[in-house]
Amino acid sequence: MKYRNFAVLLLPFAICIELAHAQTPGPRFEISFPASAHAGAITGRVYVMISNTDKEEPRLQIGRTGVPFFGRDIEQLAPGQTAVIDSTDLGSPIESLSALPAGDYFVQALVSVYSEFKRADGHVLWMHDDQWEGQEFNKSPDNLKSAVHRVHIDPKENPAQVIKLNASEVIPPVVVPPDTQWVKRFKFQSPMLTKFWGRPVYIGATVLLPKDYARQTISYPVLYEQGHFDLSPPLGFRTEAPTDEELKTSTARRTRVLHEGYQLYQNWISDRFPRMLVVTFQHPNPYFDDSYAVNSPNVGPYGDSIMQELIPEIEKRFRAIQQPYARVLAGGSTGGWEALALQFFHPDFFGGTWAYCPDPVTFSNVEGINAYSDKNAFYKQYTWRREPTINSIETDGRVVLTSEQRNHMELVKGTLGRSGDQLDIWSAVFGPVGANGYFEPLFNKRTGEINPAVAQYWKENFDLLEYLKKNWPTLGPKLVDKLHIYTGTMDTYQLNYAVRQLEEWMKTTENPHDEGFFVYGVGEPHCYTGSGTRAERLIEIAEFISAKRPYVDAAPWWPH
C-alpha cells in the first residue's frame, strides 16, 4: 500500500513534466504548398532552414558545419494542408528551436518529395527518387521550396510565435553540360536495377577523350576514375584558365583544383602525352549519390550492373582496349574504396588501382567508431569515464564534429537512413535488410548503441581487409604489384588508421609476399593524392600499363 501511494504521488509529477515539454517555448513553423506546385498529396519530409545571412538561400547553407535546420516526415500531405515543425523536432547544429537565440533571421522551407519503391524483395519503401542531382534533396528537381523570409525570433518574448511558409516554388531540372570535343556523356535505364527497385533507375558515364580521338582509328587504355556523383569532366579537366571571379570565391583547395584542371588540358593536348580514355561512372540511387559499385541487399545489384551493363556499353561506344592490363582504376574517398573493391572483387578484369584516402578498408575505424569493439558509436568508455567519439578533425587536431553531432545531422536530413549522407550509405551498402525493408542500422542514431550482430555482418561481407585475409591464397597472386594507396596522416575523417592496418597486414603476406605501395602525406587532410600533379600521375599510370602489355601489343596510344 505504501508503494502504491508513492506511485500515485508520482503520476501528477510525470504529467507536469510532459505538459512542460509540450509547452517548451520556441517558434512554430507551419509549412504548406499549393496545387500549382504539386497537384497531389506528398509523402516525404519537410524542412526549415534558418540563417543569419542572405548571401545565398538558406537551403544551400546547410551542411556538416552549416546553418541550423529542422525536419519532420510527412505522409500524404495534400495541397493546402499544413505540416508543422516546432521545438519537439530534432535539428542540427541546434537540436531544438527552443534553443535558437533571439535575433533576426532569414528562413526558408523545403519539401522533399518521396516516391514509392516496390522492391523486388517484397518490401515497399518511400524514398527520394534521384533526379540526376546526386541525392542532394536541397537541390533536387521537383522538390518544393518557399521564398526566403526575414523574421525576428525571440522564444522568450513570443513563445507562441507562428511562422507560415508556403513552398510554392518548384526546383527546376538539372542542366546537363553539353558534350564537347573532349567530353561525352550518356545515361540509360538499367534493366537490373529497375527490376530490383520496381521503378526506372538510371546509370551513366562521363568520358574524357584523348587528343585526335575523332581522327584516329586506334584503341586506348581506360582509366576508370571513381568518386561521388558529378557531371563535370573527369579529373577536373578544363580547357580555359580559371577566371579572376572563380578564384575570388574559391577556397585554397578549390583554387588548386582549378589550376590543375587547366594544367592537365595543356599537357593533354601535347604531342608526347599518353593518350587514354578517362571515365567516371554515374550511379546515384535512393540512398546516396553513389552505390559503392558492389552488390548489396539494400541498394541492389550495382556491382553486376556496372560490370555487365555499364562497362560493356562504354567499351561499345568508345574505342577501348578490352584487355585487363589496359583497364585501371583510381578514385578518392568513396571512389578510393571503390577503386580497391572493384580490383579485389574483379582481379581478372582490372589491371591495377590507385586509391586515394579510401573510405574505411576495415571497420575498426569508421570515422572514429570501432564497429568491432565499441559498445556505443557516440562515446568511448574508459572504465570510470567516457569521452565523446570524434568524427572529424582539422589538421591541427581541432575537433570539427563529434560522432553524435554528425549522426544527428544525418537524422535531421532523413529518418530510416534516408539522409542521402555518409554514415547512412555505409549502413545501406554494408548492412543487412531490416524487418521494415530499410537497412538494419549498425547503431541507433539517437543513442549511439551499436548492434554487434550488424557489425559482424559488415565484417563478413564488406570489410576489405578481412576479404584479403580470407582469400589471399587465390587472390594474392592476382594483386601483386597492382595496389597503390595514398592518404594523409591527418585525414579529416580519420580514414588513415584503417589504411595503416591494411599496410601492416600486407607486410605479413606470404605466397605471395606483396606489401603494396603506400604513401602517406605527413600532416595532410582528406583527400591526399600524392605530391605530383594530375598530369604526372597519368604518365605514371601510362608507364604502368605499357609495362604490363603483352609483347605482341603495340602502344600507338603513346607517341613518345
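Reading guide: rules and limits
- Residues numbered from 1 in each chain as written.
- Predicted model: local features only at pLDDT ≥ 70, side-chain atom pairs only at ≥ 80, totals over all residues.
- Heavy atoms only, no water.
- Buried < 20%, exposed > 50% of the residue type's maximum accessible area, 1.4 Å probe, protein only.
- Helix = DSSP H or I, 4+ residues; strand = E, 2+ residues; numbered from the N terminus.
- Pairing = 2+ DSSP bridges.
- Axes fitted to C-alpha atoms, helices over the stretch in contact; angles between N-to-C directions.
- Parallel < 35°, antiparallel > 145°, perpendicular 65-115°, else oblique.
- Contact = heavy atoms within 4.5 Å.
- Nonpolar A, V, L, I, M, F, W, Y, C, P; charged D, E, K, R; others polar.
- 1 Å grid on protein atoms, 1.4 Å probe; cavity = no way out; pocket = protein on both sides within 12 Å on 5 of 7 lines; lining within 4 Å.
- Points joined across faces, edges and corners; volume = space filled by probe spheres on them.
- Salt bridge = Lys/Arg side-chain N within 4 Å of Asp/Glu carboxyl O.
- pLDDT = per-residue confidence, 0-100.
- Core = buried A, V, L, I, M, F, W, Y, C linked by side-chain atoms within 4.5 Å.

Enquirer: Can you walk me through the pairing of strand 7 (residues 115–118) in this structure?
Expert: In summary, the side chains of a regular strand alternate between the two faces of the sheet. Burial of the side chains of strand 7 is restricted to one face: Ser 115 and Phe 117 are buried, whereas none of Glu 116 and Lys 118 on the reverse face is. Pairing analysis gives 4 bridges linking strand 7 to strand 8 (residues 124–127), with the strands arranged antiparallel. If you follow Ser 115 over to strand 8, its bridge partner there is Met 127. Following strand 7, the chain reverses through 5 residues before pairing antiparallel with strand 8; Gly 122 in that reversal takes a positive phi of roughly 95°.

Enquirer: What exactly am I supposed to notice about the sheet that holds strand 1 (residues 28–32) here?
Expert: For sheets, the rule is that strands pair by backbone hydrogen bonds, running either parallel or antiparallel. On the basis of which strands lie adjacent, the open sheet formed by 3 strands has the order 4-1-11 and mixed pairing. Strands at the two margins of the open sheet, each flanked by one partner only, are strand 4 (83–85) and strand 11 (162–166). Taken over all neighbouring pairs, the strand axes of this sheet differ in orientation by 25° on average, direction set aside. One ladder, built from 5 bridges, connects strand 1 with strand 11; its direction is parallel. Considered in strand 11, the bridge of Arg 28 is made with Val 162.

Enquirer: What am I meant to see in the packing of helix 7 (residues 403–413) against helix 8 (residues 422–430) here?
Expert: When two helices pack together, you describe them by how their axes are tilted relative to each other and by the distance separating the axes. Between helix 7 and helix 8, the shortest axis-to-axis distance is 8 Å and the interhelical angle comes to 80°. The angle between helix 7 and helix 8 falls in the class roughly perpendicular. Contact residues: helix 7 offers Arg 406, Asn 407 and Glu 410, while helix 8 offers Gln 422, Leu 423 and Asp 424. The residue inventory of the contact of helix 7 with helix 8, partitioned by class, reads 1 nonpolar, 2 polar and 3 charged.

Enquirer: Looking at this model, I keep getting lost on the layout of surface pockets. Mind explaining?
Expert: Gaps left between atoms show up when a probe the size of a water molecule is rolled over them. Taken as a whole, the second largest pocket spans an internal volume of roughly 270 Å³. Lining the second largest pocket we find 17 residues, and of these Phe 439, Pro 441, Phe 443, Asn 444 and Lys 445 sit closest to its centre. Taken together, the residues that form the lining of the second largest pocket break down as 6 nonpolar, 6 polar and 5 charged.

Enquirer: Sorry if this is basic, but what is going on with the pattern of salt bridges here?
Expert: Working definition: two side chains of opposite charge can pair if their charged atoms are close together. By the definition in use, this model includes 34 salt bridges. A salt bridge links Asp 129 to Arg 199, with the nearest nitrogen and oxygen atoms 3.1 Å apart. Of this pair, Asp 129 sits in the loop between strand 8 and strand 9 (144–145) while Arg 199 sits in the loop between helix 2 (191–197) and strand 14 (202–208), and the two are 70 residues apart along the sequence. By relative accessible area, Arg 199 is classed as partly exposed at 25%. Close ionic contact of Lys 548 with Asp 481 constitutes a salt bridge, the shortest N to O distance being 2.9 Å. Of this pair, Lys 548 sits in helix 12 (residues 534–548) while Asp 481 sits in the loop between helix 10 (464–479) and strand 25 (483–488), placing them 67 residues apart in sequence. Judged by relative accessible area, which is 35%, Lys 548 ranks as partly exposed. Members of the salt-bridge network, linked through shared partners, are Arg 406, Glu 410, Lys 413, Asp 421, Asp 424 and Lys 445.

Enquirer: Is there a simple way to explain the packing of helix 6 (residues 334–345) against helix 10 in this structure?
Expert: The geometry of helix 6 relative to helix 10 is characterised by a closest axis approach of 10 Å and an angle of 55° between their N-to-C directions. Looking at the two axes, helix 6 sits oblique to helix 10. Between helix 6 and helix 10, the contacting residues are Trp 337, Leu 340, Ala 341, Gln 343, Phe 344 and Phe 345 on the first element and Leu 464, Tyr 467, Leu 468, Leu 475 and Leu 479 on the second.

Enquirer: I keep staring at the confidence of the model for the chain and nothing clicks. Help me out?
Expert: Atom-level detail of predicted coordinates should not be read off regions where pLDDT is low. Summarising the model, the chain shows a mean pLDDT of 93, and 95% of its residues fall at 70 or more. Throughout residues 1–22 the model reports pLDDT below 50, and contacts reaching past four residues in sequence, or to other chains, amount to 1 contact.

Enquirer: Would you mind showing me how to read the sheet that holds strand 16 (residues 277–282) here?
Expert: Taken in spatial order, the 8 strands line up as 13-14-16-15-19-20-25-26 in an open sheet, and their pairing is mixed. Looking at the sheet topology across the chains shown, the edges are occupied by strand 13 (183–189) and strand 26 (517–521). The average undirected angle you get between the axes of adjacent strands in this sheet is 15°. Here helix 12 sits on the sheet and contacts strand 15 (222–226), strand 19 (327–332), strand 20 (353–356) and strand 25; the angle it forms with strand 20, its principal contact strand, is near 150°.

Enquirer: Would you take a moment to explain the nonpolar core for this structure?
Expert: In a soluble, globular protein the nonpolar side chains are often hidden away together inside. Within the largest apolar cluster, 111 residues are counted, with the highest numbers of intra-cluster contacts made by Trp 268 and Tyr 287. Apart from residues no more than four positions distant in its own chain, Trp 268 is found in contact with Trp 182, Leu 208, Leu 209, Pro 210, Lys 211, Phe 237, Phe 273, Met 276, Val 278 and Leu 538. In this structure, Phe 29, Ile 42, Ile 50 and Val 151 belong to the second largest nonpolar core, which totals 27 residues.

Enquirer: So what exactly am I meant to see when it comes to the environment of Glu 524 here?
Expert: With respect to the element layout, Glu 524 can be found in the loop between strand 26 and helix 12. Glu 524 sits 36 residues away from Gly 488 along the chain, and the two C-alpha atoms are 4.4 Å apart. Sequence-distant contacts of Glu 524, that is, excluding residues within four places in its chain, are made with Thr 395, Gly 488, Thr 489, Met 490 and Asp 491.

Enquirer: Whenever I open this one, the environment of Leu 144 confuses me. Can you help?
Expert: Note on placement: Leu 144 falls in strand 9. The exposure class of Leu 144 is buried, given its relative accessible area of 0%. Setting aside anything within four residues of it in sequence, one finds Leu 144 in contact with Phe 33, Ala 37, His 38, Ile 42, Ala 109, Leu 110, Val 111, Ala 167, Glu 169 and Val 170.

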